[in-house]
Amino acid sequence: MIVRKAVITMLLIGLCIVASGCWSRRELNQLSITVGLGIDKAGDEFMVTAQVVDPGQVATKASGSATRVPVTVYRQTAPSIQEALREMTTESPRRIYMSHLRMLVIGEELARSGISEALDFLSRGHETRTDFYVAIAKKSRAADILEVLTPLEKIPASKLFSSLEVSSKFWAPTHGVHLDELLNNIADEGRSPTLTGIVLSGSASKGDYVNNTEHVKAPAELRYVGLAVFRKDKLIGWLSEEESRAYNFIQGSINQATGNLECEDGGKIVIDIVRARTRIKGDLVNGKPQFRIRLEAESDIAESSCKKDIVDPAEIKQLNQQINDMLERMIHQIVRKAQRDYKYDFLGFGNVFRRAHPQEWKKLKDDWDEKFVTATVDVEADCRIRRIGTITNPLNQQMEE
Amino acid sequence: MANEVDVPFPKLARAEQIRLIKQQLGESGDLIVQELNSGNGGTAALVYIEGLVDARTLNEIADHVQNGPLFGEASSAVPASHMSRPQDLGTAVDAVLAGFTLLLCDEGGGNGCIAIDTKGGDKRSIAEPATETVVRGPREGFTEAIRTNTALVRRRLKDSRLRVENMQIGRVSKTDVAILYLQGIAEDRVVQEVRSRLQSIDIDAVQESGYIEEWIQDRPLSLFPTMINSERPDVVAANLLEGRVAIIVDGSPFVLVAPVVFIQFFQAAEDYYHRFHYSVIRLLRIFCFFIALLAPALYVALTTFHQEAIPTPLLISLAAQREGIPFPAFLEAFIMEITFEILREAGVRMPRAIGQAVSIVGALVLGQESVEAGLVSPAMVIVVSITAIAGFVVPAYDMAISVRMLRFVFIVLAATFGLFGISTGIIALVLYLCSLHSFGVPFMAPFAPMSGIEMRDTLVRFPNWMLRIRPRFFSGRNNVRVRRSAARKP
């Protein structure tokens, strides 16, 4: 009896194994590992560019063969992104595999007409993760961005990823946005996303040759510039470097930032903000929204070519005051830009207000834009210089004897 | 045998006795009959099998018989340890075959037959055990002679409570088997269970303790061993002290110990001789157990079904390696594992002379050349090598065998169902392990059922003064090892 049961169980298990035939098995060499995806507008359709890794060329220690490049790009135009990706298999020998996507680049034209449709595909698909960065191709097509080879990093999409990650931390005007953050920003009431822009500088036509990496200074380069401002899912404008910095200060996404202060006698002091925290309080005063931004920061002195004696605490105090003034000015500037030029709250104040006063928000949210234009914004910056570096007074001073 | 009814064997005429013995043994060439003149004027004969007897003792007996004063009773003057008087032919022949010498002499006015213990012959001397070497610790190992083995254990436990029970198993081999236990520390129930299981064995020959192990284990088809075997007297003595029962089989240097639990297969003798910090290596052994079991399966599952779980640079590297390999990952794993098993078997069997050649061929096949020929990927070679090395880290060889077999099952599960298959396999394995018993003791004690204080010698060994009690699941009552007053504070 027990033997019979055991035999039947064995047969059933064996049948499972044989009949399912290693169901949904995918060998590594049947996948095209896509690291970069570019989406552009082509009339009413989407033009999708996929940057795919050639593993053999990436992993070899020797330079491999000089005529093969580490990535390949497939491009297709179709009414929807899913169709475009599937149609790529007519050109690609393997299935496009999206799980290891590092970078999504959206062309400016498509961004201006709305990215939500493109994003729906990416968030809905089970294969796509949400840990890749999204960026906008400024004044060019995403397809052109993805075709440029980069020095130092064999896979260009990896270079874009790392560069955005590092510059988010060290260079205030840029901010790396993952897909999930982007979706949250679009969906949240009273807030809109911003995305960093990529610019192809240099000669584009030379970018896709291996030659590009054979020079000490590559002729074609990809670099990040300021932020793009969105109205929900449509791009409405670009911020300058200063404005992008201010925006990031307001959002509190500064990790480190650099700025310089002018001295009376012509030199300048460069400070490095190492820690920053922003608190925004929103209130309704006399029917008008009022916001108080408090910015706390700590900084070091990175460079000094001033005649000031920076060891003197009184001088430091004065410098602090200067920094505070500069920060406040910066933030006022961008608030003015939002209120006057764009007439749209892309800074996310609506969201702050919503969290503080949800009942009032319900009444105001329908014409928030008008309300926002009339809002008063107080800025208070409190930045303290903590360290002055490993030498005291600058070389300039010591030169004069 | 017809004679037995009317005349008992000892009373038969000398020549008749000798004829019957020779007939029973089929005129064996090594049966020696030595006729002597006894001291008191009569004749005597010594019957023995050459090679089984100790020559010196034999000579002393012969000497005594010939020259010693015999006042009628030859037996009184014979300086030997063990004597008996077989009453029938069968017993007499058994005695001769066991290494006794039959002294056929005048006794009580007629013929007599005395069997004297002269067991001897060539034996292996006590040497370092081949399979369990230590850096620090005794280097004595059991030999094939049962009396030497029991003596080795007795030397370590000079307590009167150490019991040695003899029995004979095997119709043809008539192998001597001894059960050892510490009366009062080992549970009576367990000893009785061991005894009764041994007595129920009905087999023609017992060549090695492994035969007995297969007969008496709890589950005949068990995947995992439920008894440990050891060549070291110190290991056996330590096990006896914890309330277990040892089974020594004549002819085998491997002594069985039962009942055992799973964690014992990861305990090595050295853990107890070095400082307790060394026992952290046990964690490494357990880790290697899992590597040896699961590493190829995990590799196959991740690269075939779950590529999203691998970090991107590693994935690209693996993909690069797999370019141009004709086999799917599962087949690659299978081939490499089978090749390694072939190499391992060949390594065990080959004569020493060609050892060098085999190892070179092995390195070539398994390593660089397979990769260069484009048959397997380098990552696969690494996985298989690590798996193989990890398999050797598990101290108990029997456990390593089980792991080797199960590894293939897991590879098949991984190739069919991916990580889901592996997890199902692990669950099934855990269920199976928890359902095993070893002579009534749950196999996964002290983890399941969990018992805190008894876990002090499982994953690592706590310092000796903290191991205050013996595991309760072995020795029910008497379980104080270290008296509280003697315990040291750190």
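## Focus: the overall build of chain B
Check the secondary structure of chain B and you find 16 helices and 12 strands. Taking 490 residues into account, the globule formula puts the C-alpha radius of gyration at 23 Å, and chain B, at 30 Å, lies well above it. Overall, the C-alpha framework of chain B stretches about 100 × 60 × 40 Å when taken along its three principal axes. Here chain B holds 490 residues, and the buried ones make up 36% of them. Sequence separation of at least 24 residues holds for 66% of the intrachain contacts in chain B that already meet a minimum separation of 6.

## Side note on the sheet that holds strand β13 (residues 376-387) of chain A
Residue and element names in this part refer to chain A. Taken in spatial order, the four strands make up an open sheet running β10-β11-β12-β13, and their pairing is mixed. The open sheet has two edge strands with one neighbour each: β10 (257-262) and β13. When strand polarity is set aside, the average angle formed by the axes of neighbouring strands in this sheet is 35°. Here β10 pairs with strand β11 (residues 268-285) via six bridges, running antiparallel. Bridge pairing in β11 links N260 to V270. Packing of helix α11 (residues 313-342) onto the sheet brings it into contact with β10, β11, β12 (288-304) and β13, and relative to β13 it is tilted by some 145°.

## Comments concerning the sheet that holds strand β10 (residues 255-258) of chain B
All names here are of chain B. Spatial strand order, β6-β7-β9-β10-β8: five strands in an open sheet with antiparallel pairing. The open sheet has two edge strands, β6 (162-169) and β8 (228-230), and neither has a second partner. Neighbour-to-neighbour, the strand axes of the sheet open up by a mean angle of 25°, direction not taken into account. As defined by bridge partners, β8 adjoins β10 across three bridges and the pair is classed as antiparallel. Residue pairing in the sheet places N229 in a bridge with L256 of β10. On the sheet, helix α5 (residues 146-156) packs against β6, β7 (175-182), β9 (245-249) and β10 and is oriented at approximately 10° with respect to β7. Along the sheet, helix α6 (residues 188-199) contacts β6, β7, β9 and β10; its crossing angle with β7, the most-contacted strand, is approximately 175°.

## Focus on the domain arrangement of chain A
Often the size quoted for an interface is simply the accessible area lost on bringing the parts together. Residues and elements named next belong to chain A. Its domain assignment divides chain A into domain 1 (27-56 + 67-238) and domain 2 (241-401). Using C-alpha coordinates to define each centre, domain 1 is positioned 32 Å away from domain 2. Each side of the interface is counted separately: domain 1 has 19 residues, and domain 2 has 21 residues. Where the side of domain 1 that touches domain 2 is concerned, the elements lending two or more residues are α7 (156-170), β8 (220-231) and β9 (234-238). Top element by residues in the side of domain 1 that touches domain 2 is β8. It accounts for five residues. Class assignment of the residues belonging to the side of domain 1 that touches domain 2 gives a composition of seven nonpolar, seven polar and five charged.

## What to know about the pairing of β9 of chain A
Sheet topology places β8 of chain A next to β9 of chain A; four bridges connect them, and they run antiparallel. Counterpart to V229 of chain A in the pairing with β9 of chain A is G237 of chain A.

## Points about the domain arrangement of chain B
Partitioning chain B into domains gives domain 1 (2-117), domain 2 (146-260) and domain 3 (276-438). For domain 1 of chain B versus domain 3 of chain B, the distance between C-alpha centres works out to 62 Å.

## Comments concerning unusual backbone geometry
Note the cis peptide between A258 of chain B and P259 of chain B, where omega equals -10°. Within the secondary structure layout, P259 of chain B lies in the loop between β10 and α9 (270-273). The omega angle of the peptide bond from A445 of chain B to P446 of chain B is -5°, so this bond is cis rather than trans. Assignment of secondary structure puts P446 of chain B in the segment after β12 (441-442). A positive phi angle, close to 55°, is found at K343 of chain A, a residue other than glycine. Note on placement: K343 of chain A falls in the loop between α11 and α12 (349-356). The class of K343 of chain A is exposed, set by 11 C-beta atoms lying within 10 Å. Positive phi, normally seen in glycine, also occurs at E27 of chain B, with a value near 55°. By the element assignment, E27 of chain B lies in the loop between α2 (14-24) and β1 (31-37). A residue is classified by how many C-beta atoms lie within 10 Å of it, and E27 of chain B, with 8 of them, is exposed.

## Details of the packing of α2 of chain B against helix α4 (residues 89-97) of chain B
Residues and elements named next belong to chain B. Close contact between α2 and α4 brings their axes to 10 Å; oriented N to C, the two are set at 65°. Between α2 and α4, the angle falls in the class roughly perpendicular. The element α2 and its partner α4 pack so that their crossing is right-handed. Residues L20, I21 and Q24 of α2 touch α4, and the partners they reach there are L89, A92, V93 and V96. A class-by-class count of the residues in the contact of α2 with α4 yields six nonpolar, one polar and no charged.

## Quick notes on the packing of helix α10 (residues 281-304) of chain B against helix α16 (residues 397-435) of chain B
Residue and element names in this part refer to chain B. Where α10 meets α16, the closest approach of the two axes is 8 Å, and the angle between their N-to-C directions is 30°. As the angle between them shows, α10 and α16 are arranged roughly parallel. As α10 packs across α16, the resulting crossing turns out to be right-handed. Across the interface between the two elements, F289, A292, L293, L294, P296, A297, L298, V300, A301 and T304 of α10 pack against V403, L406, R407, F410, I411, L413, A414, A415, G418, L419 and I422 of α16. Looking at the contact of α10 with α16 residue by residue, the class counts come to 18 nonpolar, two polar and one charged.

## Brief notes about the interface of chain B and chain A
Taken together, the contact pairs 19 residues of chain B with 18 residues of chain A. Contributing elements (two or more residues each) for the side of chain B that touches chain A: α10, α11 (312-322) and α16 of chain B. Among the elements that line the side of chain B that touches chain A, the one with the most residues is α11 of chain B, at eight residues. Residues belonging to the side of chain B that touches chain A are distributed by class as follows: 10 nonpolar, six polar and three charged.

## Some thoughts on the pairing of β6 of chain B
Residues and elements named next belong to chain B. As paired strands, β6 and β7 are joined by eight bridges and run antiparallel to one another. Each residue of the ladder has a partner; that of E165, found in β7, is I179. Linking β6 to β7, which pair antiparallel, is a turn of five residues; within it G170 sits at a positive phi near 105°.

## Remarks on α6 of chain B
Residue and element names in this part refer to chain B. In a regular helix each residue adds 1.5 Å, so 12 residues correspond to 16 Å; α6 covers 16 Å between its end C-alpha atoms and thus fits that length. Looking at α6, one finds that the buried residues are V190, V191 and V194. Looking straight down α6, one finds its buried side chains confined to an arc of 100°; they lie on one side. What points out from α6, more than 90 degrees from its buried face, is the exposed set D188, R189, Q192, S196 and Q199. The inward-facing, buried residues of α6 contact β7, β9 and β10.

## A look at the nonpolar core
Buried together is how nonpolar side chains tend to be arranged in soluble globular proteins. Judged by nonpolar contacts, the single largest core of 111 residues is most densely connected at M103, V105, I106 and I331 of chain A. Excluding residues within four positions of it along the chain, V105 of chain A makes contact with G36, G38, A135, A137, A142, I145, L146 and I198 of chain A. Counting 77 residues, the second-largest nonpolar core is a separate cluster that includes L152, V194, I248 and I411 of chain B.

## So, the environment of A320 of chain B
Following the sequence through the fold, A320 of chain B ends up in helix α11. The spacing of A320 of chain B and S377 of chain B is 57 residues in sequence and 9.4 Å in space, taken between C-alpha atoms. In contact with A320 of chain B, other than residues within four places in its own chain, are P55, G56, V58 and A59 of chain A.

## Some remarks on the environment of G29 of chain B
One can find G29 of chain B in the loop between α2 and β1. In the structure, G29 of chain B is positioned 21 residues away from E50 of chain B in sequence and 9.1 Å away in space, judged by C-alpha atoms.

Definitions and limits used
Residues numbered from 1 in each chain as written. Chains lettered and ligands numbered in written order. Predicted model: local features only at pLDDT ≥ 70, side-chain atom pairs only at ≥ 80, totals over all residues. Helix = DSSP H or I, 4+ residues; strand = E, 2+ residues; numbered from the N terminus. Rg over C-alpha atoms; globule rule 2.2 N^0.38 Å. Buried ≥ 20, exposed ≤ 12 C-beta atoms within 10 Å, placed from the backbone. Contact = placed C-beta atoms within 7 Å. Pairing = 2+ DSSP bridges. Axes fitted to C-alpha atoms, helices over the stretch in contact; angles between N-to-C directions. Domains from an automatic or database assignment. Nonpolar A, V, L, I, M, F, W, Y, C, P; charged D, E, K, R; others polar. Parallel < 35°, antiparallel > 145°, perpendicular 65-115°, else oblique. Left-handed = near helix turned anticlockwise from the far one by under 90°. Expected span 1.5 Å × (residues − 1). Arc of directions from axis to C-beta. Core = buried A, V, L, I, M, F, W, Y, C linked by C-beta atoms within 7 Å.

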